[in-house]
Amino acid sequence: DTAVSQTPKYLVTQMGNDKSIKCEQNLGHDTMYWYKQDSKKFLKIMFSYNNKELIINETVPNRFSPKSPDKAHLNLHINSLELGDSAVYFCASSGAYQETQYFGPGTRLLVL
Amino acid sequence: GNSVTQMEGPVTLSEEAFLTINCTYTATGYPSLFWYVQYPGEGLQLLLKATKADDKGSNKGFEATYRKETTSFHLEKGSVQVSDSAVYFCALTPYGQNFVFGPGTRLSVLP
């Protein structure tokens, strides 16, 4: 069974479009995260959710909005996509804040 | 602030060579320390961790010791394999704060 899953795996879209990435974890974890990884592999945290409550927003543009319908899901919606949004987006979860994080396989977003 | 510094890559080694990837950190309090590995096209996987000073984390032949006096958590492996080719991330969790990841070190192992 996949612990943390993301869909889609690849996403190619035009500038200005709106897109969503879905994430689900079956580990029973309380905390979920979204990270952005650039072409140089640098990893930057975007959001963290604990029991459906946002606890971190690391100066991410408000075009990005996380939505957590329940503890097992954390989706990422992106409005008005820009070229600079092209990256790999990773979802992760942990049993509690600061504990070991488990990552999904990533969503490779390319904005044309 | 809290930060993690790793040696710049890429690191290229021949199979069966000894590996060291340096990691030093700056943090308040006593953070937990981690090494994650990212294989091509995949997400990050926990490789090992240590939660207090002098603890040694180990997994799959990799080891790292939490050195508080030198604020370091260097990753070592005695004999690398081609299958170890990946990007390695050092990370820490300062008390009450989120994970801080290093910039990653790419390792290439040649047969």
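In short, a report on the structure. (Residues numbered from 1 in each chain as written. Chains lettered and ligands numbered in written order. Predicted model: local features only at pLDDT ≥ 70, side-chain atom pairs only at ≥ 80, totals over all residues. Heavy atoms only, no water.)

1. Concerning the interface of chain B and chain A
Many descriptions give the size of an interface as the accessible area lost when the pieces come together. Just so we agree on the cut-off: Every residue pair with non-hydrogen atoms within 4.5 Å of one another is taken to be in contact. We count a salt bridge whenever a side-chain nitrogen from Lys or Arg sits within 4 Å of a carboxyl oxygen from Asp or Glu. Here a polar contact means two N or O atoms within 3.5 Å. Within protein one must be a hydrogen donor candidate and the other an acceptor candidate, and residues neighboring in sequence count only if both atoms are side-chain atoms. A helix here means a DSSP run of H or I that spans at least four residues, while a strand means a run of E at least two residues long, and both kinds are numbered starting from the N terminus.
The interface of chain B with chain A comprises 21 residues on the first partner and 19 residues on the second. Linking chain B to chain A there are 0 salt bridges. For the interface between chain B and chain A, the tally reads 4 residue pairs in polar contact (both at pLDDT 80 or more). Taken together, the elements giving at least two residues each to the side of chain B that touches chain A come down to strand S5 (32-38), strand S6 (44-50) and strand S10 (86-93) of chain B.

2. Remarks on the nonpolar core
The condition that has to hold: The criterion is simple. A nonpolar core is a set of buried Ala, Val, Leu, Ile, Met, Phe, Trp, Tyr and Cys residues joined through side-chain atoms within 4.5 Å. Partly exposed describes any residue whose relative accessible area lies between the buried limit of under 20% and the exposed limit of over 50%, with all areas from a 1.4 Å probe on protein chains only and scaled to the type maximum.
Within the largest apolar cluster, 27 residues are counted, with the highest numbers of intra-cluster contacts made by Leu 19, Trp 35, Leu 47, Leu 48, Phe 73, Leu 75 and Tyr 88 of chain B. Ranked by residue count, the leading element in this core is S10 of chain B, at 4 residues. Aside from chain neighbours lying at most four places away, what touches Leu 48 of chain B is Leu 33, Phe 34, Trp 35, Gly 57, Ser 58, Asn 59, Phe 62, Glu 63, Ala 64, Phe 73 and Leu 75 of chain B. Residues Val 4, Met 46, Leu 74 and Ile 78 of chain A belong to the second largest nonpolar core, which totals 20 residues.

3. What to know about the sheet that holds strand S7 (residues 56-59) of chain B
Residues and elements named next belong to chain B. Formally: A pair of strands counts as paired when DSSP detects no fewer than two bridges linking them. Every axis in this analysis is a line fitted to C-alpha atoms, fitted for helices over the stretch in contact. Angles between the N-to-C directions lie between 0 and 180 degrees.
If you trace the 4 strands from one edge of the open sheet to the other, you get S3-S9-S8-S7, paired in antiparallel fashion. A single partner strand is all that each edge strand has here, and the edge strands are strand S3 (19-21) and S7. Neighbouring strand axes in the sheet, compared pairwise and without regard to direction, differ in orientation by 15 degrees on average. With 3 bridges connecting them, S3 and strand S9 (residues 75-77) associate as antiparallel partners. Each bridged residue has a counterpart across the sheet, and for Ile 21 the counterpart in S9 is Leu 75.

4. Quick word on the packing of aromatic side chains
The test is simple: Aromatic contacts are taken between Phe, Tyr and Trp rings whose centres are within 6.5 Å, Trp giving its six-membered ring; a plane angle under 30 degrees counts as stacked, one over 60 as edge-to-face, and the others as tilted.
Taken as a whole and judged by the stated rule, the model has 15 aromatic pairs over all chains. Aromatic pair Tyr 25 of chain B and Tyr 66 of chain B: ring centres 6.2 Å apart, planes at 80 degrees, arrangement edge-to-face. Of this pair, Tyr 25 of chain B sits in strand S4 (residues 23-26) while Tyr 66 of chain B sits in the loop between strand S8 (62-65) and S9; the two residues are 41 residues apart in sequence, bridging distant segments of the chain. Residue Tyr 25 of chain B is classed as buried on the basis of its relative accessible area, which comes to 8%. Three or more aromatic residues joined by ring pairs form one cluster here, namely Tyr 33, Tyr 35, Phe 90 and Phe 103 of chain A together with Phe 34, Tyr 36, Phe 89, Phe 99 and Phe 101 of chain B.

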